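The residues making up each chain are set out below.
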Amino acid sequence: NLLNPKPAVGGLEIGESDLRLLLIKGENSVMASLRLPPGVIEAGKVKDSAGLKKLLKDLHLQVGALNKKIPVILNNPDANTHTHFFDLPIIANQNLDEAVQLNLQMIAQIERDKSYSSSQSIGETMEGGGQIEILGAFILKQTVDEFIDALMEANFSPMAVEFPSLALSRLVKGQASQIAKESLVVVKLNTGGFSFSSLFHYRFSAFITCPKK
C-alpha cells in the first residue's frame, strides 16, 4: 500500500430528486449533495442526459478538481433492478459458476442480450440435503449505460453498480448481529418516495418501491 496506495472509493446515489456523494478516507469523510430539477430523472431512468452530466460535474467540484478522477460505486434506484432467489444443491459447488449461469438464464425477466446480470451466494441451509442460496439481479443495459456515460463525462470512475435495498441489507447485517435470528422489515423514506424490504436471516426476500406522492 505504501508503494501503490489504493484510492478511496466513494458511494454515489442518484435519485429522482437529488445526487448524494460520500467519500470516506480513513477517519475523515467528505459529503456532497445537489438537488435535481424535475425531469432529469424519471422512474429511475435518465430523461435529461445533458442536465445530469452538468449536475454531476457540479457535484464533483464540491469535493475536488474536475480533472481528478473519483472512483465510485453507483447506487441505482431499486425500481431499475429485478431480483430473484434460487437454491442449488451443495453438491453443485463443484460446478457452481456453470449452475448459477444456467439458472440465471432460466429466471431472467429481461432478455439476456439486453440486460446485465450478477449473482452472489448469500448463505446455506440444510434443507433437502443441503442447499446454497443464491441472489440473482438483472438490470437493462440501456438504463445502466446512460448513467455510466454521464458519470464518466463528469470524471467519476464507476467501479460497480448496486441498488439501495442491497446496500441497506449489508448495513443492517453489519450493525445488528444480535438479531441475526429474527426477520426484519427495513423501510427507506426520502423525498423521492419510499421503499421497504423484508429480510429473513439477512436473506433479501423482497423489496417494493413506491413513487413520490
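Residues numbered from 1 in each chain as written. Predicted model: local features only at pLDDT ≥ 70, side-chain atom pairs only at ≥ 80, totals over all residues. Heavy atoms only, no water.

Asker: Any details on the overall build of the protein chain? Residues and values, ideally.
Answerer: Check the secondary structure of the protein chain and you find 4 helices and 13 strands. Of all 213 residues assigned to the protein chain, the portion counted as buried reaches 39%. Sequence-distant contacts, at least 24 apart, represent 58% of the contacts inside the protein chain between residues at least 6 apart. Carbon and sulfur atoms form 55% of the exposed surface of the protein chain, whose accessible area is close to 12700 Å². (Helix = DSSP H or I, 4+ residues; strand = E, 2+ residues; numbered from the N terminus. Buried < 20%, exposed > 50% of the residue type's maximum accessible area, 1.4 Å probe, protein only. Contact = heavy atoms within 4.5 Å. Areas by Shrake-Rupley, 256 points an atom, 1.4 Å probe, with all protein chains shown as cover.)

Asker: Requested: an account of a nonpolar patch on the surface, with residues and values cited.
Answerer: The grouping of Val-9, Ile-73 and Met-159 at the surface amounts to a nonpolar patch, some 250 Å² of accessible area in total. Following the sequence through the fold, Val-9 ends up in the segment before β1 (10-14). Here Val-9 falls in the partly exposed class, since its relative accessible area comes to 39%. (Patch = residues over 30% accessible without salt bridge, like charges linked within 9 Å, V, L, I, M, F, W, Y side chains within 5 Å. Salt bridge = Lys/Arg side-chain N within 4 Å of Asp/Glu carboxyl O.)

Asker: Go over the nonpolar core with me, naming the residues and quoting the values.
Answerer: With 25 residues, the main nonpolar core has Leu-12, Leu-19, Ile-41, Leu-52, Leu-56 and Phe-156 as its most contacted residues. Those elements that place two or more of their residues in this core are β1, β2 (18-25), α1 (49-63), β6 (70-75) and α3 (141-153). The element contributing the most residues to this core is α3, with 5 residues. In contact with Leu-19, other than residues within four places in its own chain, are Glu-13, Ile-14, Ala-32, Ser-33, Leu-34, Leu-36, Leu-52, Leu-55, Leu-56 and Leu-59. Among the nonpolar cores identified, the runner-up in size contains 10 residues, and Phe-86, Leu-88, Leu-104 and Phe-138 belong to it. (Core = buried A, V, L, I, M, F, W, Y, C linked by side-chain atoms within 4.5 Å.)

Asker: With reference to specific residues and values, describe the sheet that holds strand β9 (residues 131-140).
Answerer: Overall, antiparallel pairing links the 3 strands, which are arranged β7-β9-β8 in an open sheet. Each end of this open sheet is capped by a strand with a single partner; those strands are β7 (82-89) and β8 (115-125). On average, adjacent strands in this sheet sit at an angle of 25 degrees to one another, irrespective of strand direction. Sheet strands in contact with helix α2 (residues 96-107) are β7, β8 and β9, and its direction is about 135 degrees off that of β7. Together, β8 and β9 form the strand contacts of α3, whose direction differs from that of β9 by roughly 70 degrees. (Pairing = 2+ DSSP bridges. Axes fitted to C-alpha atoms, helices over the stretch in contact; angles between N-to-C directions.)

Asker: Could you give an account of the confidence of the model for the protein chain, with specific residues and numbers?
Answerer: For the protein chain, the average pLDDT comes to 80, and 81% of its residues sit at 70 or higher. Model confidence for the protein chain, summarised as mean pLDDT per element, is weakest for strand β13 (residues 203-211) at 51 and strongest for α1 at 95. (pLDDT = per-residue confidence, 0-100.)

Asker: Just give me the short version of the pattern of salt bridges, but keep the residues and values in it.
Answerer: Throughout the structure, instances matching the rule amount to 4 salt bridges. Here Arg-20 ties to Glu-13 by a salt bridge, and the two come within 2.8 Å at their closest N and O atoms. Overall, Glu-13 belongs to the buried group, its relative accessible area being 17%. A salt bridge links Lys-53 to Asp-149; the shortest N-O distance between them is 3.0 Å. In this pair, Lys-53 sits in helix α1 while Asp-149 sits in helix α3, placing the two residues 96 residues apart along the sequence. Given the relative accessible area of 39%, Asp-149 is considered partly exposed.

Asker: Quick one: what's the story with the sheet that holds β6, residue by residue and with numbers?
Answerer: The sheet built from 5 strands is open, its strands ordered β3-β2-β1-β6-β10 with mixed pairing. Pairing within the sheet leaves two strands with one partner each, and these edge strands are β3 (28-35) and β10 (156-162). Sheet twist, expressed as the average angle between the axes of neighbouring strands with direction ignored, equals 20 degrees. Bridging between β1 and β6 involves 4 bridges; their strand directions are parallel. Looking across to β6, one finds that Glu-13 is bridged to Asn-75. Along the sheet, α1 contacts β1, β2, β3, β6 and β10; its crossing angle with β3, the most-contacted strand, is approximately 150 degrees. In the packing of α3 onto the sheet, contacts are made with β1, β6 and β10, and the angle to β10 comes to roughly 155 degrees.

Asker: Tell me what's going on with the pairing of β1, and back it up with residues and numbers.
Answerer: Across the 5 residues that make up β1, a large majority, 4, are buried. Bridge count for β1 against β2 is 4 bridges, and the pairing is antiparallel. Bridge pairing in β2 links Glu-13 to Arg-20. Linking β1 to β2, which pair antiparallel, is a turn of 3 residues.

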